[in-house]
Amino acid sequence: MKSGIYPKEKRLVVDNHSLELFRTCPRKFKHRIDDNMVPIPDHWEEGDPIIPGFKLQFGISIHLGLDALWKQRDLEAAKDAFLDSWVDSGCWDEDRRRNGSSGLRLLENYWQRHGDWISTVDTIAVEAHFGHCLGYIPDTDGWQVYYHGKIDKIAREEDGALFICDHKTTAWESANMAATYELSNQLLGYLYGVSSFLGFEDVQFALIDILVANPVNHNFVRSRIYSDADQLCEWRDDILQTGRHILDSYHRDSWPKYGKDACSKWNNECEFFGICRATPSTRGDVATVNYTSIPWDTDKR
């Protein structure tokens, strides 16, 4: 499902990533979601595929390895799934933390840490897609918000407790990293989605499962996130209000830039920094030369 604004249907389709973009900087949302823009890589030629950055691709490949690990409970199958994805992507192995050998060791160490527990878990679904109407946006003449996403795992523990699991790969770690996910819009949205749209009304918690890729010693951090009906209703109301803000920007064709804090993340420059700093009269030329069009589609992530 492609996130975006669909005026004929009066439908705003959002997922966690598009919401995060708008809340971080409305201009990011305009360029990536409304305009479908992605930067053209160096040495790219028309017709070539756009390869994700190695950090994103490393996470995608690790996720595929974890899918095999949870479904088949077989480390070798997990390593094969990771390597197939990593090699086929065309990514390089120059990064000290995210490379082919590091990914294999990360899966090995993960299985050593959590393998006994995973062997007792009933994995019901992996990469479970959902998408549904959240409701009407107030005072917008009938516009609706559709929220969609893809849940890494739906599973049941040995004692019968149903839960969802979301994996994160990172090269950075802090003492409070896992705890901050308690207020994660993504996980609250997944809990809402799995109970309201997928029919798993007895879901009890979300498990945030963090894999820290370190050149020396990998680390693994987990936290269980619980919510009640009132919290999920508040989450829904927040999404509808954000949808109202998005539509206001769309109808007014006014997308503020929230620089400077929004212009970098983890010491990496925002992918739209070049077009944002261009003058209004030259932005069209900058976009044509430096960007191509690929819709944001969670089904392909």
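Summary of the structure given here.

So, how was this worked out
Residues numbered from 1 in each chain as written. Predicted model: local features only at pLDDT ≥ 70, side-chain atom pairs only at ≥ 80, totals over all residues. Heavy atoms only, no water. Axes fitted to C-alpha atoms, helices over the stretch in contact; angles between N-to-C directions. Helix = DSSP H or I, 4+ residues; strand = E, 2+ residues; numbered from the N terminus. Left-handed = near helix turned anticlockwise from the far one by under 90°. Contact = heavy atoms within 4.5 Å. Nonpolar A, V, L, I, M, F, W, Y, C, P; charged D, E, K, R; others polar. Parallel < 35°, antiparallel > 145°, perpendicular 65-115°, else oblique. Phe/Tyr/Trp six-rings, centres within 6.5 Å; stacked < 30°, edge-to-face > 60°. Buried < 20%, exposed > 50% of the residue type's maximum accessible area, 1.4 Å probe, protein only. Disulfide = S-S within 2.5 Å.

Let us look at the packing of helix α1 (residues 16-24) against helix α7 (residues 229-252). One can describe the packing of α1 onto α7 by two numbers: an axis separation of 11 Å at closest approach and a directional angle of 65°. In this structure, α1 crosses over α7, and the sense of that crossing is left-handed. Between α1 and α7, the contacting residues are Leu-19, Phe-22 and Arg-23 on the first element and Asp-238, Ile-239, Thr-242, His-245, Ile-246 and Ser-249 on the second. In terms of residue class, the contact of α1 with α7 is made up of 4 nonpolar, 3 polar and 2 charged.

The next subject is the packing of helix α4 (residues 75-89) against helix α5 (residues 100-118). As a packed pair, α4 and α5 sit with axes 10 Å apart at the nearest point and diverge in direction by 155°. On the basis of their axis angle, the class for α4 and α5 is roughly antiparallel. Two packed elements cross with a definite hand, and for α4 against α5 that hand is right-handed. Judged by residue contacts, Leu-75, Ala-78, Lys-79, Phe-82, Leu-83 and Trp-86 of α4 engage Gly-100, Gly-103, Leu-104, Leu-107, Glu-108 and Trp-111 from α5. Its residues assigned to classes, the contact of α4 with α5 comprises 8 nonpolar, 2 polar and 2 charged.

So, on to the packing of aromatic side chains. Tallied over the entire structure, the rule returns 18 aromatic pairs. Note on Tyr-110 and Phe-220: the rings are 5.7 Å apart at their centroids and 70° apart in plane angle, and the pair reads as edge-to-face. Note that Tyr-110 is positioned in helix α5 and Phe-220 in strand β8 (residues 219-225), a separation of 110 residues in sequence. Using a relative accessible area of 8% as the deciding quantity, one classes Phe-220 as buried. With centroids separated by 5.6 Å and ring planes inclined at 50°, the aromatic side chains of Phe-205 and Tyr-226 adopt a geometry described as tilted. Taken together, the positions of Phe-205 in strand β7 (residues 203-212) and Tyr-226 in the loop between β8 and α7 put the pair 21 residues apart, joining distant regions of the chain. For Phe-205, a relative accessible area of 2% puts it in the buried group.

The subject of this paragraph is the state of the cysteines. Under the counting rule described, the total for this entry stands at 0 disulfides. Unpaired in terms of disulfides, Cys-133 finds its nearest cysteine sulfur in Cys-233, a separation of 15 Å. With no disulfide of its own, Cys-270 has Cys-276 as its nearest cysteine by sulfur position, at a separation of 6.3 Å.

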